[in-house]
Amino acid sequence: MRSPSATVGSEPWSGAASYRRLSSSTVYQLLGDLKLEFDASHLTFAEETYHRELDLDTATVRVKYSVGDVEFTREHFASNPNQVIVTKISGSKPGSLSFSVSLDSKLYHHSYINGKSQIIMEGSCPGKRIPPAVDANDEPKGIQFSAVLDLQISDDRGVIHILDDKQLRVEGSDWAVLLLVASSSFDGPFTKPSDSKRNPTSESLSALKPMRDLSYYDLYAHHLDDYQNLFHRVSLQLMKNLKNNKSNGSLELKKLARSVTGLYLKGSEDNMVSTAARVKSFQTDEDPSLVELLFQYGRYLLISCSRPRTQVANLQGLWNKDIQPKWDGAPHLNINLEMNYWPSLPCNLSECQEPLFDFISSLSTNGRKTAEVNYEANGWVVHHKSDIWAKSSADQGDVEWALWPMGGAWLCTHIWDHYAYTMDKDFLKVKAYPLLDGCASFLLDWLIEGRGGYLETNPSTSPEHNFVAPDGKPACVSYSSTMDMAIIREVFAAVVSAAENFDNRFWTEMKMSLLKECAWLYQGCIQQKFLEMVPLWNGQAQDFGDADVHHRHLSHLFGLFPGHTITVEKAPDLCQAAEISLYKRGEDGPGWSTTWKAALWARLDNSEHAYRMVKKLINLVDPDNEEPFEGGLYSNLFAAHPPFQIDANFGFTAAVSEMLVQSTIKDLYFLPALPRDKWANGCVKGLKARGAVTVSICWKEGDLHEVGLWSKEQNSLKRLHYRGTIVTASILSGIIYTFNAQLKCVKTCSL
């Protein structure tokens with residue numbers, strides 16, 4: 001049981017308040033803590049009354065407990081439209097609320113009182129990652145920051161005292177509302193901190209000024225309207241059998257209720273089951289509603305940490321708690337950053353990708369310099385690790401992970417996927433195509449002619465993986481790793497398709513011809529066996545043994561997922577080889593590896609093993625006794641590497657969507673990896689498919705019951721697939737089409 005005292009950093013805050021974290025050199029750090037101090041009587045609260053929850057439907061944290069006959073309540077939300085963290089504290093009896101509040105930071109800072117009810121904290125990040133022993137005058141200037149806390153209390157009761165010019169003390173109030181805004185001097189990745197003209201304190205005070213005229217309920221309404229516009233797009237309901245369905249067995253789309261619970265599930269009026277207890281019991285009860293919760297939790301987290309004008313979701317999202325976080329809390333481009341955005345398109349959150357596209361644009365600017373200086377190549381290139389300054393060059397460290405010039409190319413597959421899902425030609429022309437063009441230009445220069453006349457990448461690594469060299473020693477550098485070839489194939493195919501939309505205006509005939517040849521040149525595998533390192537000699541793969549057969553990375557299976565070039569229909573032999581490789585890899589590994597495996601098994605239409613990975617992840621981890629690289633979930637549902645990495649939360653949501661719907665621009669596959677015995681009945685509403693189609697599906701006793709399809713702006717011809725049945729359907733914009741279990745259209749209506 002927690003003490004009612006809390007700090008800002010300890011709560012799972014909602015919303016997209018990007019200012020809560022700062023970057024010092026290449027390290028992602030906390031801005032600070034909001035500290036609430038109550039008198040000693042609060043330590044005598046009745047334990048049975050203590051309740052803390054995160055309501056995913058409203059993105060609101062609530063804490064309740066009773067001291068004597070007074071119930072105290074705290075509510076927290078982070079508002080994206082107003083860019084403010086809001087806390088309301090209240091007592092059930094008039095005049096019962098008293099507490100002190102202050103701001104603190106682990107970075108260099110100072111605090112002072114502004115007026116009678118505001119605290120201002122100003123500080124700065126170190127100018128260097130590890131400052132050397134130099135004179136103070138030689139110390140470079142880091143990012144400056146400021147946070148302003150505004151305190152409001154009930155009009156007719158209570159008083160605010162100033163303590164030590166740093167704290168505020170509330171005495172005898174009915175309620176208090178705390179508004180926290182913050183800003184920094186960061187002015188984009190191309191402006192040095194010393195050159196920034198931004199004034200964080202002035203910006204924070206200006207942002208706060210109009211909010212002082214808004215009530216708590218006004219701010220909450222703005223927050224709900226903004227958040228629920230995104231969150232309510234998708235709902236998921238999973239059940240083992242119909243007798244557990246409280247809607248009397250009806251699974252009609254129009255009657256589907258949103259199945260979203262907070263971090264506590266109400267079992268009865270007198271019984272509350274904690275999230276930790278639910279996770280712990282999942283290995284025996286396999287409660288489908290916990291899968292629903294974790295699926296929606298991933299969507300909530302993405303909405304909360306990646307919105308227009310924020311930074312990208314990094315290794316811990318927004319929720320890093322350390323000054324020196326593991327792996328710097330940085331965007332890692334050899335799986336982690338990409339996995340963070342896997343659910344954005346299928347789970348109907350395309351707007352959440354905007355920070356990613358802004359980041360890629362910045363990377364391409366720096367990446368052109370890296371391509372020119374380091375590779376004497378055209379276009380742009382990015383390696384495995386970046387930061388807020390859009391670092392594109394290779395990082396220091398071991399070659400097995402540092403020397404990997406495919407980070408930008410992998411990110412470019414996200415750009416093409418955005419077009420495939422939205423069919424937005426303006427986006428393709430203005431944003432996507434120039435980035436694809438530059439990336440492909442680098443890849444063309446990077447490829448060299450090898451043995452047998454085939455193009456190859458050399459040197460080449462497979463992320464963080466070693467192989468056994470012919471002399472029996474471990475090695476990591478060869479040429480034409482499977483992942484290199486798979487990513488290049490995807491990028492070339494995308495740039496060819498994109499160029500064809502614009503009559504090839506941006507490409508010479510020579511480049512187009514070369515790209516079309518390269519796009520389908522590489523297989524990257526041999527019959528019945530997938531390999532990490534497979535350089536091609538005269539079309540034959542050279543077999544290098546695995547140094548670690550159970551390695552966490554699944555890089556060699558990129559073409560299966562998240563890529564699209566290996567499919568059950570078009571490449572059954574390669575899928576069989578991928579399946580053998582997955583068996584060989586095993587089921588153990590960190591959380592993000594577990595969810596990647598779930599998605600891979602889903603692409604193989606293997607519901608049994610996809611579900612095994614779902615179950616593998618939902619395993620309670622004790623942070624005080626955790627084992628590295630064993631995966632699982634913490635009690636607040638954050639995914640464990642261990643340590644905490646948020647990518648598996650997003651990977652889980654994406655994997656579940658892959659189990660329910662898969663797509664190409666022309667094809668829709670319904671329930672391809674549904675675990676029929678585990679989720680016998682259910683509905684999902686609002687998923688997105690490629691080709692700008694929205695999909696809703698209901699099923700009963702493991703069999704398809706009903707499908708709803710609609711598109712707002714695109715007319716298209718789709719092939720619908722379900723258990724070997726293929727039906728061609730014409731989807732006109734603005735019309736909802738309802739199909740039965742035989743994929744026959746039984747109803748149409750206007751949106």
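**Student:** Looking at this model, I keep getting lost on the overall build of the protein. Mind explaining?
**Tutor:** Regarding its fold elements, the protein presents 15 helices and 33 strands. Considering the protein as a whole, with its 751 residues, one finds that 59% of them fall into the buried category. In the protein, 65% of the contacts between residues at least 6 apart in sequence involve partners at least 24 apart. Accessible area of the protein: about 29,900 Å², with a carbon and sulfur share of 48%.

**Student:** Can you help me understand the sheet that holds strand 25 (residues 661-663) in this one?
**Tutor:** In sheet architecture, strand pairing relies on hydrogen bonds along the backbone and comes in two forms, parallel and antiparallel. Pairing within the open sheet is mixed, and its 4 strands lie in the order 25-26-30-31. Both edges of this open sheet fall to strand 25 and strand 31 (725-731), since each of them pairs with a single strand only. Strand-to-strand, the axes of this sheet are offset by a mean angle of 25 degrees, without reference to chain direction. One ladder, built from 3 bridges, connects strand 26 (residues 667-670) with strand 30 (residues 716-722); its direction is parallel. Bridging from a neighbouring strand, D667 pairs with R719 of strand 30. Sheet contacts for helix 15 (residues 647-660): strand 25 and strand 26; angle to strand 25, the most-contacted strand, approximately 80 degrees.

**Student:** What is the right way to read the pairing of strand 5 (residues 60-67) from this model?
**Tutor:** Within a regular strand, side chains alternate between the sheet's two faces. Burial of strand 5 is extensive: 7 of the 8 residues sit out of reach of the surface. Pairing geometry for strand 4 (residues 51-55) and strand 5, over 5 bridges, is antiparallel. Paired with E53 across the two strands is R62, which belongs to strand 5. In textbook terms, the turn of a hairpin is the stretch between consecutive antiparallel strands, and for strand 4 and strand 5 this stretch comprises 4 residues, one of which, A59, has a positive phi near 50 degrees. Connecting strand 5 to the antiparallel partner strand 6 (residues 70-79) that follows it, the hairpin turn spans 2 residues, and G68 within it adopts a positive phi of roughly 65 degrees.

**Student:** It is not clear to me how the confidence of the model for the protein should be interpreted in this structure. Could you clarify?
**Tutor:** Any segment with low pLDDT has predicted coordinates that should not be analysed in fine detail. Averaged over every residue, the pLDDT of the protein is 87; residues scoring 70 or more account for 85%. Note that pLDDT drops below 50 for residues 244-271; the model gives that stretch 65 contacts with residues more than four away or on any other chain.

**Student:** Hey, could you run me through the pattern of salt bridges in this one?
**Tutor:** Across all of its chains, the model carries 29 salt bridges by this definition. For E658, the salt bridge goes to R603, with nearest N and O atoms at 3.0 Å. On the criterion of sequence distance, the pair formed by E658 in helix 15 and R603 in helix 13 (residues 591-603) is long-range, its members being 55 residues apart. Classification of E658 by relative accessible area gives buried; the value is 5%. The shortest N-O distance in the salt bridge between R676 and D703 comes to 2.9 Å. Residue R676 is located in the loop between strand 26 and strand 27 (681-689), and its partner D703 is located in strand 29 (residues 703-710); the two are separated by 27 residues in the primary sequence. The exposure class assigned to R676 is partly exposed, which follows from its relative accessible area of 42%. Here the salt bridges do not stand alone but share partners, grouping E53, D55, R62 and E75 into one network.

**Student:** Mind showing me how you'd approach the state of the cysteines here?
**Tutor:** In protein structure, a disulfide is the covalent linkage between the sulfur atoms of two cysteines. Overall, the coordinates contain 1 disulfide when judged by the stated rule. The residue that forms a disulfide with C683 is C698, at a sulfur-sulfur distance of 1.9 Å. Because the torsion about its S-S bond is 110 degrees, the bridge between C683 and C698 counts as right-handed. Here C683 is found in strand 27, whereas its partner C698 is found in strand 28 (residues 693-700), with 15 residues between them in sequence. Summarising the burial analysis for this pair, C683 and C698 share the class buried. No disulfide involves C749; its nearest neighbouring cysteine sulfur is the one of C745, lying 9.9 Å away.

**Student:** Please clarify how empty space enclosed by the protein should be interpreted in this entry.
**Tutor:** Leftover empty space is mapped by rolling, across the atoms, a probe with the size of a water molecule. As enumerated under the stated definition, the model contains 9 cavities of 30 Å³ or more in all. Of the pockets and cavities examined, the largest cavity occupies roughly 210 Å³. Put simply, the parts of the chain that give the lining of the largest cavity at least two residues each are helix 8 (407-422) and helix 15. With 5 residues, helix 8 is the single largest residue contributor to the lining of the largest cavity.

**Student:** I would appreciate a short explanation of the layout of surface pockets in the present structure.
**Tutor:** For the largest pocket, the calculated volume is near 1,500 Å³. Along its surface, the largest pocket is lined by 50 residues, and H564, T567, K570, S663 and T664 are the ones closest to its centre. Listing elements by their share of the lining of the largest pocket, those giving two or more residues are helix 8, helix 10 (482-500), helix 11 (509-519), strand 25, strand 26 and strand 30. With 7 residues, the single largest contributor to the lining of the largest pocket is helix 10. Residue composition of the lining of the largest pocket, by class: 22 nonpolar, 13 polar and 15 charged.

**Student:** Teacher, can you tell me more about helix 4 (residues 288-305) here?
**Tutor:** Three- or four-residue spacings in an α-helix give side chains the same orientation, since the helix completes a turn every 3.6 residues. Taking 1.5 Å as the rise per residue, helix 4 with 18 residues should run 26 Å; its terminal C-alpha atoms sit 26 Å apart, in good agreement. For helix 4, the tally of buried residues reaches 18 of 18 residues, placing the bulk of the element in the interior.

**Student:** Sorry, what's going on with the sheet that holds strand 12 (residues 159-163) here?
**Tutor:** With antiparallel pairing, 4 strands are arranged side by side in an open sheet as 3-8-13-12. Of all strands in the sheet, those with a lone pairing partner are strand 3 (33-37) and strand 12, marking the two edges. Within the sheet, the average angular offset between the axes of one strand and its neighbour, ignoring direction, is 20 degrees. Of the strand pairs in this sheet, strand 3 and strand 8 (residues 97-104) are connected by 5 bridges, and their pairing is antiparallel. Of the residues in strand 8, the one forming a bridge with K35 is S102.

**Student:** Whenever I open this one, the environment of A147 confuses me. Can you help?
**Tutor:** Within the fold, A147 resides in strand 11 (residues 144-153). Taking the C-alpha atoms as reference points, A147 and I120, separated by 27 residues in sequence, lie 5.8 Å from one another. Leaving out residues up to four positions away in the same chain, A147 has contacts with L31, L103, I119, I120, M121, L180, V181 and A182.

**Student:** I tried to follow the packing of helix 3 (residues 275-285) against helix 4 on my own but got confused; where do I start?
**Tutor:** The description of two helices packed together rests on the angle between their axes and the distance between the axes. Orientation of helix 3 relative to helix 4, taken along the N-to-C sense of each, is 125 degrees, at an axis distance of 10 Å. When the axis of helix 3 is compared with that of helix 4, the two are oblique. Like other packed secondary-structure pairs, helix 3 and helix 4 cross with a definite hand, here left-handed. Two secondary-structure elements touch here, helix 3 through R278, V279 and F282 and helix 4 through S289, L290, V291 and L293.

**Student:** Quick question: what am I supposed to make of unusual backbone geometry here?
**Tutor:** Where the residue is not glycine, phi is negative for most of them; where a peptide bond is considered, it is trans in most cases. Cis rather than trans, the peptide bond between N458 and P459 has omega equal to 5 degrees. When you line up the elements, P459 lands in the loop between strand 19 (455-456) and strand 20 (467-468). Of note, the amide linkage connecting P642 to P643 takes the cis form, showing an omega dihedral of 5 degrees. Counting through the fold element by element, P643 comes out in the loop between helix 14 (607-617) and helix 15. Residues other than glycine seldom take positive phi values, yet A59 does so here, at roughly 50 degrees. Inspection of the secondary structure puts A59 in the loop between strand 4 and strand 5. Residue classification places A59 among the buried positions, given a relative accessible area of 0%. Here R723, not a glycine, exhibits a phi torsion of approximately 50 degrees, which is positive.

Reading the values: rules and limits
Residues numbered from 1 in each chain as written. Predicted model: local features only at pLDDT ≥ 70, side-chain atom pairs only at ≥ 80, totals over all residues. Heavy atoms only, no water. Helix = DSSP H or I, 4+ residues; strand = E, 2+ residues; numbered from the N terminus. Buried < 20%, exposed > 50% of the residue type's maximum accessible area, 1.4 Å probe, protein only. Contact = heavy atoms within 4.5 Å. Areas by Shrake-Rupley, 256 points an atom, 1.4 Å probe, with all protein chains shown as cover. Pairing = 2+ DSSP bridges. Axes fitted to C-alpha atoms, helices over the stretch in contact; angles between N-to-C directions. pLDDT = per-residue confidence, 0-100. Salt bridge = Lys/Arg side-chain N within 4 Å of Asp/Glu carboxyl O. Disulfide = S-S within 2.5 Å. 1 Å grid on protein atoms, 1.4 Å probe; cavity = no way out; pocket = protein on both sides within 12 Å on 5 of 7 lines; lining within 4 Å. Points joined across faces, edges and corners; volume = space filled by probe spheres on them. Nonpolar A, V, L, I, M, F, W, Y, C, P; charged D, E, K, R; others polar. Expected span 1.5 Å × (residues − 1). Parallel < 35°, antiparallel > 145°, perpendicular 65-115°, else oblique. Left-handed = near helix turned anticlockwise from the far one by under 90°.

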